[in-house]
Amino acid sequence: MTQSTAPAAPPTDPVVAELLQSVVDVARAIFGAEASSIMLLDHQSFELVFQAVSGQGQEFLIGRRFPAGQGIAGWVAGSGEPMIVDDLRRSASFDRTVAKSTGYVPDAMMAAPLIHGDRVLGVLEVLDPAPGPSRAGLPELELLALFARQAGVALRVAVDNSTAVLGAGERDRAMRLLTEVQRLIGDRGDW
């Protein structure tokens with residue numbers, strides 16, 4: 001994945017903020033997780049910025065920044081590939097310093113890039129998914145990656161349209177994305 005030089009979307013747009021909060025709330029519910037977050041990539045400072053949090057850390061993480069080259073989220077943003085780690089205590093990729101600074105140190109994590117086209121916009125994380133036989137396996141990671149891709153497209157549409165009026169084609173595209181996400185969630189009858 002290539003990284004554009006465009007900055008991350010500003011969190012001041014209420015439509016974008018509502019969209020991002022909805023994504024983390026749904027991701028947390030789908031996986032029965034302790035927390036979920038979205039960090040957008042600020043291409044100018046090369047930092048990841050917490051834009052939405054559901055669960056642990058919700059009160060104080062919004063707006064917090066850390067270098068995009070660090071930790072699992074940094075690897076996901078840089079590579080454009082999803083990642084799953086079942087035991088973060090044994091992971092060399094996990095930046096405990098960053099986690100400790102947030103006040104919440106998870107045991108397990110899934111992370112997927114928010115992508116639009118060939119651009120990585122940020123990272124969607126699910127922290128400490130519910131225990132079970134498939135707590136965090138490949139099917140769950142594939143679902144998270146698909147959900148993150150849909151969220152990335154919806155984010156791009158929302159950002160593009162925060163400065164312009166939605167045309168009929170853009171409204172139809174946004175509605176198709178929302179319908180697809182609802183179908184995916186409906187197909188997850190086991191959660």
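Residues numbered from 1 in each chain as written. Predicted model: local features only at pLDDT ≥ 70, side-chain atom pairs only at ≥ 80, totals over all residues. Heavy atoms only, no water.

Engineer: If you had to explain helix α1 (residues 14–31) to someone new, which residues and values would you point to?
Structural biologist: In this model α1 runs 26 Å from its N-terminal to its C-terminal C-alpha over 18 residues, within 8% of the 26 Å that 1.5 Å per residue would give. Within α1, burial applies to Val16, Leu19, Leu20, Val23, Val24, Ala27, Ile30 and Phe31. For α1, the angular spread of buried residues about the axis comes to 130°, placing them on one side. Seen from the buried face of α1, the exposed residues on the opposite side, beyond 90 degrees, are Pro14, Val15 and Glu18. Backbone geometry just downstream of α1 places glycine 32 in the positive-phi region, at approximately 55°. (Helix = DSSP H or I, 4+ residues; strand = E, 2+ residues; numbered from the N terminus. Expected span 1.5 Å × (residues − 1). Buried < 20%, exposed > 50% of the residue type's maximum accessible area, 1.4 Å probe, protein only. Arc of directions from axis to C-beta.)

Engineer: So what's going on with the pairing of strand β5 (residues 109–116)? Residues and values would help.
Structural biologist: Counting buried positions along β5 yields 7 of 8 residues, so the element is predominantly enclosed. In the sheet, strand β4 (residues 83–85) pairs with β5 via 3 bridges, with the strands oriented antiparallel. Across the sheet, the residue bridging to methionine 83 is alanine 111, located in β5. Examined bridge by bridge, β5 and strand β6 (residues 119–127) share 8 bridges and lie antiparallel to one another. Across the sheet, alanine 111 pairs through a bridge with glutamate 125, a residue of β6. (Pairing = 2+ DSSP bridges.)

That is the geometry; function is a separate question.
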